[in-house]
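Here's the letter readout for the chains.
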Amino acid sequence: MIRLFDATTLAFTKLRTRRIRTIVTVIIASLLFGVIALAILMLQGGVNSVNKFSAGSLTDRYLATASYSSQIAIDDDTLTPKLLDRATEIYTQLIADKKAAAKKLGIEYDPASEQKPFIEFGDDIKILNHASSAAVQAFNEYVATQPSAKQELEKIIAQHQPSHVYPVTTSSTRGAQLKPLTNLGEDFTKTPQYPSGGTPGVEFGWQYVDRAVAQSFMLPDSQLDKQKNVQDIPIVAPVAKVEEALGLKRLPNTATAQEKLDRIRYIRNHAETATFSVCYRNTVSQNQIQNAIDVVKETAENKDYKKPSLIYGLPDANSCSGAVVTQDTRTAAEKTLAGKQDEFQRMFGGETIPMQQKVTFRAVGLSPNGLSAESFSGVGGLLTAIAGSTLEGQWVVPQQMYDAMPNKQDFDKFLPSAPKLSDYFNYDSYRVVAEFNTAAQVKTFVTKTGCGNPYCDGTTSAIFFGSNSVLIDDIRNQVIKVLAYSAMGVGLIAAIIMMGMIGRVIGDSRRETAVFRAIGAKRNDIRLIYFMYTIMLSAIIIIVSLAMGALAAWWIDTKIAPDISVQAHLIYIFADDDIAFHLIGIWWQALIALIGLIVLAGFVGMLLPLSRNLARNPIKDMRDDT
Amino acid sequence: MAQPPTVSEHDLEEFLSHFDGDPIKAVRAISSYAKQTRRHTLKKTKAPTGPVLVKLTDVQKTYKVGRQHISALNGVSLEIHEGEFVALTGASGSGKSTLLQLIGGLDKPTSGTVEVDNVNISKLRDSKLSTFRGQTIGFVFQFFYLQPFLRVSKNLEVPAMFARITRRDRHAKVQKLAKAVKVDDRLNHLPRELSGGQMQRVAIARALMNQPKLLLADEPTGNLDSVNGAAIIELFEAIRKEFGTTIIVVTHDSQIAARADREIKLKDGVVV
């Protein structure tokens with residue numbers, strides 16, 4: 001058979017025939033394959049960058065938060081009649097006790113003001129009345145005999161063998177209110193509204209989480225050591241809130257990438273000085289404040305308004321103190337009666353004494369800002385959504401740091417209360433963060449334990465927590481799948497184009513094949529020549545498509561990577577300053593597969609016309625030509 | 001010097017009456033006859049004597065065109081000897097090109113045998129036939145069929161590439177053949193930079209690259225002017241002289257036929 005070098009020499013002349021067609025084919029095929037190359041480079045670049053940024057953060061860990069909520073409903077009509085009897089019994093006893101207490105205190109009491117323990121539907125159906133304290137007590141007695149949410153959840157989680165389980169508890173104010181204390185002090189007229197997007201303030205609550213979970217969001221020890229007032233509650237706070245607390249004005253959207261980076265670094269380096277204060281007020285305190293506001297308002301708006309005998313005034317907005325009595329024209333008898341009524345209330349669990357307390361939190365860590373519509377705009381926003389390593393709720397008190405506070409008992413009122421009826425269904429819930437060793441494990445756990453839809457009425461729920469590491473894995477796998485299908489589609493189109501081109505060149509070479517055959521070429525010689533031609537054409541397409549893909553990736557990278565870098569630094573707050581996000585990465589396996597695809601397309605394109613050519617009679621081809 | 005025979009006036013008139021009484025027509029006819037007689041005499045003087053190189057025995061070739069079977073050769077038997085320069089002539093469709101292709105092993109006979117250098121090539125398998133063709137036979141085509149993007153030197157090398165001859169040997173042969181066909185000053189040129197005659201000389205050199213015993217040429221001067229055509233004929237004669245190559249030329253060119261050792265005339269697929 002002809003030597004490889006000679007076959008290559010002859011094959012090279014094929015590239016020079018039909019030059020325009022060859023160039024057009026190379027450009028079109030390279031564009032198609034270049035798009036795949038671009039996707040491969042950018043995907044790998046993105047993954048590499050996320051890995052680089054997330055090293056040491058929660059993104060590296062496989063976490064899920066799971067909760068268990070009892071599904072016994074208080075208005076379930078199948079609950080035993082015994083429970084109805086017990087509620088009635090408590091109700092009867094309560095009325096008797098209240099009657100006796102009222103008689104003893106010398107005040108009036110109307111039993112009709114009590115909520116009935118059950119509601120009747122027709123003659124047969126009776127359900128517990130959730131508004132009745134007697135019914136709730138009877139129900140709680142009943143559920144106390146059932147396995148607790150904690151027991152149930154621990155049992156479920158144990159089946160999946162997590163490496164660690166960290167309890168998560170949510171702060172509770174039990175009807176009290178927290179109001180932010182800003183530089184302007186407390187705004188008495190407004191009730192805090194939970195924001196529809198973005199980052200809520202600490203007044204909406206926080207979570208107590210094991211420090212091991214919050215660790216990657218914590219400030220370095222060197223900064224924490226500077227904090228003098230360890231009597232403030234330690235908290236991991238959202239960047240935006242720390243920015244505000246540091247007295248910084250939010251940067252405009254037009255700020256440059258460098259300005260944004262400088263800002264995040266400043267916040268990070270000064271976060272330990274940030275504090276957040278809220279004013280805690282129980283219901284009585286709130287009512288007195290409201291009384292003060294109402295009197296002022298009514299007096300201003302209504303000339304005929306008759307002021308009450310007891311009037312409160314607003315306290316200093318920065319003091320978080322109780323309302324002050326500005327006027328008390330009550331008679332001695334009225335005051336005595338009010339005192340007795342308060343005592344009556346207290347005897348049956350009511351609050352009568354105003355309570356307020358300034359609660360200060362100190363930033364011990366930084367969490368990414370909450371997601372808002374704005375977060376989803378642009379590639380950087382998308383990155384935030386998919387790759388962000390976030391702490392759920394954003395405000396997190398590291399449990400061990402809280403426990404180490406010398407005055408922790410002052411704040412224990414915010415710890416969640418014992419299980420109790422919170423609504424019709426969920427009387428008891430328990431929540432943990434479970435850590436697993438692999439993505440597969442956490443995925444199985446979430447799939448089997450979680451509900452997967454918002455209308456799910458299951459007792460347990462499980463979602464990925466802390467980061468979207470599994471989501472990133474899933475996205476990567478999905479992208480790979482899409483990429484593979486696209487590559488097949490694009491490859492097919494490119495193969496058809498290449499097939500047309502190679503087929504045409506080989507077809508046009510019938511006379512030449514005939515001449516070669518006449519001067520001694522064997523069929524295998526001809527095959528080798530066209531084999532080398534296909535290899536050369538494929539090699540050109542490979543080089544051009546990879547160059548096009550790399551050039552496009554480089555162009556996109558220079559255009560958008562700086563912004564993504566900023567976004568990434570906002571997400572991975574503690575990543576090294578020197579790290580930058582890049583959208584170019586070499587994924588060898590995929591690139592080799594792409595090269596294989598191009599070569600395969602070439603050979604598929606070569607086979608048919610070549611075999612047709614070789615089967616022809618060379619004489620006929622020479623004769624046709626003349 | 002012998003005196004020409006005397007002719008009476010009557011005889012002359014009777015003779016001229018065959019030519020409408022036109023003496024010019026008569027002279028032309030006599031001249032033509034004389035030429036034919038002379039050629040016949042010359043061929044007889046160059047009768048083949050060497051060993052037989054090509055032997056066709058009762059060769060028939062039929063083509064199927066649509067539903068029709070067209071007979072290109074009808075029982076051709078002939079022998080061509082080593083060192084012979086043979087012209088295959090005949091009208092278009094007489095079967096001369098078919099005969100050349102059968103001798104060259106480019107096609108197989110429907111029946112009969114084709115032996116070249118004592119090998120029955122009609123029975124060789126494709127691969128062996130290719131090797132045989134490469135080593136024993138050289139082809140020259142009317143349209144040269146050079147590789148347009150290869151320089152002359154590389155074009156000359158092509159048959160040697162298929163014969164796996166080393167590059168050093170190839171280069172030596174290229175120099176020698178280029179000199180023989182007088183294109184040694186054109187070795188670095190592309191075919192498009194050559195004249196028709198030069199291209200054909202390159203094609204002839206290419207055909208001689210593997211030192212074939214038999215050179216087959218299909219209308220080699222058909223695409224050339226008379227000067228270049230004459231030069232090609234001289235080249236064939238020189239080749240035969242220098243390399244001892246047997247040459248079979250399919251041609252319509254009477255000059256070639258006249259200078260060949262033997263003219264084999266075909267008509268309707270048979271040798272006449």
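From a predicted model like this one, the values you see are computed outputs, not experimental measurements.

Helix and strand content of chain B: nine helices and 10 strands. Counted over contacts in chain B with a minimum sequence separation of 6, partners at least 24 positions apart contribute 70%.

Bringing the overall build of chain A into the picture now. The secondary structure content of chain A amounts to 19 helices and 14 strands. Put simply, chain A has 626 residues, and 36% of those count as buried. Within chain A, contacts between residues separated by at least 24 positions form 83% of all contacts whose residues are at least 6 apart in sequence.

Turning to the interface of chain A and chain B, a few remarks are in order. Every contact between the two is made by 18 residues of chain A and, on the other side, 24 residues of chain B. Only α1 (4-16), α16 (510-518), α17 (523-571) and α19 (618-625) of chain A provide two or more residues apiece to the side of chain A that touches chain B. A per-element tally of the side of chain A that touches chain B places α1 of chain A first, with four residues. Here the residues of the side of chain A that touches chain B are counted per class, giving seven nonpolar, four polar and seven charged.

Now for the sheet that holds strand β4 (residues 111-116) of chain B. Taken together, the four strands give an open sheet; going across it, the order is β2-β1-β4-β5 (chain B), and neighbouring strands pair in antiparallel fashion. Because the sheet does not close on itself, it has two edges, and the strands there are β2 (68-81) and β5 (119-120) of chain B.

A few words now on the sheet that holds strand β7 (residues 214-218) of chain B. All names here are of chain B. Across the sheet, six strands lie side by side as β6-β7-β8-β3-β9-β10; this open sheet has mixed pairing. In this open sheet, the two strands that pair with only one neighbour each are β6 (137-140) and β10 (270-271). Each of β3 (85-90), β7 and β8 (246-250) touches helix α8 (residues 226-243); the most contacted strand, β8, lies at about 160° to it.

For the rest of this paragraph, the subject is the packing of helix α5 (residues 152-162) of chain B against helix α6 (residues 167-180) of chain B. Residue and element names in this part refer to chain B. At a minimum axis distance of 10 Å, the contact between α5 and α6 shows a crossing angle of 120°. On the basis of their axis angle, the class for α5 and α6 is oblique. Here α5 runs over α6; the crossing is right-handed. The segment α5 lies against α6, with Ser153, Leu156, Glu157 and Ala160 engaging Arg170, Lys173, Val174, Leu177 and Ala178.

Residues and elements named next belong to chain B. Side chains Ile137 and Phe139 of β6 all project onto a buried face; the interleaved residues Gly138 and Val140 project onto the opposite face, where all are buried too. As defined by bridge partners, β6 adjoins β7 across four bridges and the pair is classed as parallel. Paired with Phe139 across the strands is Leu216, a residue of β7.

So, about the packing of helix α2 (residues 19-54) of chain A against helix α18 (residues 588-615) of chain A. Residues and elements named next belong to chain A. Remark: α2 packs on α18, axes separated minimally by 10 Å, with the N-to-C direction vectors making an angle of 170°. When the axis of α2 is compared with that of α18, the two are roughly antiparallel. Two secondary-structure elements touch here, α2 through Phe33, Ile36, Ala37 and Ile40 and α18 through Ala590, Leu591, Leu594 and Ile598. Across the contact of α2 with α18, the residue classes tally to eight nonpolar, no polar and no charged.

Further remarks concern the nonpolar core. Counting residues in hydrophobic clusters, the biggest one holds 179 residues, and the most contacted among them are Phe33, Ala64 and Ile235 of chain A together with Ala203, Ile248 and Val249 of chain B. If you tally residues by element for this core, the top one is α17 of chain A, at 17 residues. For this core, the two domains that each supply at least three residues are domain 1 (4-57 + 472-625) and domain 3 (172-278 + 358-415) of chain A. What Phe33 of chain A contacts, discounting residues up to four positions off in sequence, is Val490, Ala494, Ile541, Ser545, Leu594 and Ile598 of chain A. Membership of the second largest hydrophobic core comes to 10 residues, among which are Ile74, Tyr91, Phe118 and Val136 of chain A.

Moving on, we come to the pairing of strand β2 (residues 118-121) of chain A. All names here are of chain A. Pairing geometry for β2 and strand β3 (residues 125-128), over four bridges, is antiparallel. What sits directly across from Phe121, in β3, is Ile125. Hairpin connection of β2 to β3: three residues between the antiparallel strands, including Gly122 at a positive phi of 65°.

Mapped onto the fold, Pro147 of chain A is located in the loop between α4 (133-144) and α5 (149-158). Placed 77 residues apart in sequence, Pro147 of chain A and Ser70 of chain A show a C-alpha to C-alpha distance of 9.3 Å.

Let us now look at the environment of Val174 of chain B. Among the secondary structure elements, Val174 of chain B is positioned in helix α6. In this structure, the C-alpha to C-alpha distance between Val174 of chain B and Leu187 of chain B, residues 13 residues apart in sequence, is 8.7 Å.

Residues and elements named next belong to chain B. Although it is not a glycine, Asn118 sits at a positive phi angle of roughly 65°. Mapped onto the elements, Asn118 comes out in the loop between β4 and β5. Located in the positive-phi region is Glu219, a residue other than glycine, with phi close to 50°. If you trace the backbone, Glu219 turns up in the loop between β7 and α8.

Now for the confidence of the model for chain B. Residues and elements named next belong to chain B. When pLDDT is averaged along chain B, the result is 84, and 91% of the positions lie at 70 or above. No element of chain B has a lower mean pLDDT than helix α2 (residues 23-45), which averages 59, and none a higher one than α5, which averages 93. Here residues 38-45 scores under 50 on pLDDT; set against residues more than four positions off or in separate chains, the count is two contacts. Both scores are available for the predicted complex, with the pTM at 0.64 and the ipTM at 0.78.

Once that is clear, we can look at α8 of chain B. All names here are of chain B. The terminal C-alpha atoms of α8 lie 25 Å apart, and with 18 residues this matches the ideal 26 Å at 1.5 Å per residue to within 8%. Those residues of α8 lying buried are Gly229, Ile232, Ile233, Phe236 and Ile239. Down the axis, α8 shows its buried residues gathered within 115° of arc, on one side only. For α8, the exposed residues lying more than 90 degrees away from the buried face are Val227, Glu234, Lys241 and Glu242. Looking at the buried residues of α8, the elements they touch are β3, α7 (196-207), β7, β8 and α9 (254-259).

Cut-offs and rules
- Residues numbered from 1 in each chain as written.
- Chains lettered and ligands numbered in written order.
- Predicted model: local features only at pLDDT ≥ 70, side-chain atom pairs only at ≥ 80, totals over all residues.
- Helix = DSSP H or I, 4+ residues; strand = E, 2+ residues; numbered from the N terminus.
- Contact = placed C-beta atoms within 7 Å.
- Buried ≥ 20, exposed ≤ 12 C-beta atoms within 10 Å, placed from the backbone.
- Nonpolar A, V, L, I, M, F, W, Y, C, P; charged D, E, K, R; others polar.
- Pairing = 2+ DSSP bridges.
- Axes fitted to C-alpha atoms, helices over the stretch in contact; angles between N-to-C directions.
- Parallel < 35°, antiparallel > 145°, perpendicular 65-115°, else oblique.
- Left-handed = near helix turned anticlockwise from the far one by under 90°.
- Core = buried A, V, L, I, M, F, W, Y, C linked by C-beta atoms within 7 Å.
- Domains from an automatic or database assignment.
- pLDDT = per-residue confidence, 0-100.
- Expected span 1.5 Å × (residues − 1).
- Arc of directions from axis to C-beta.

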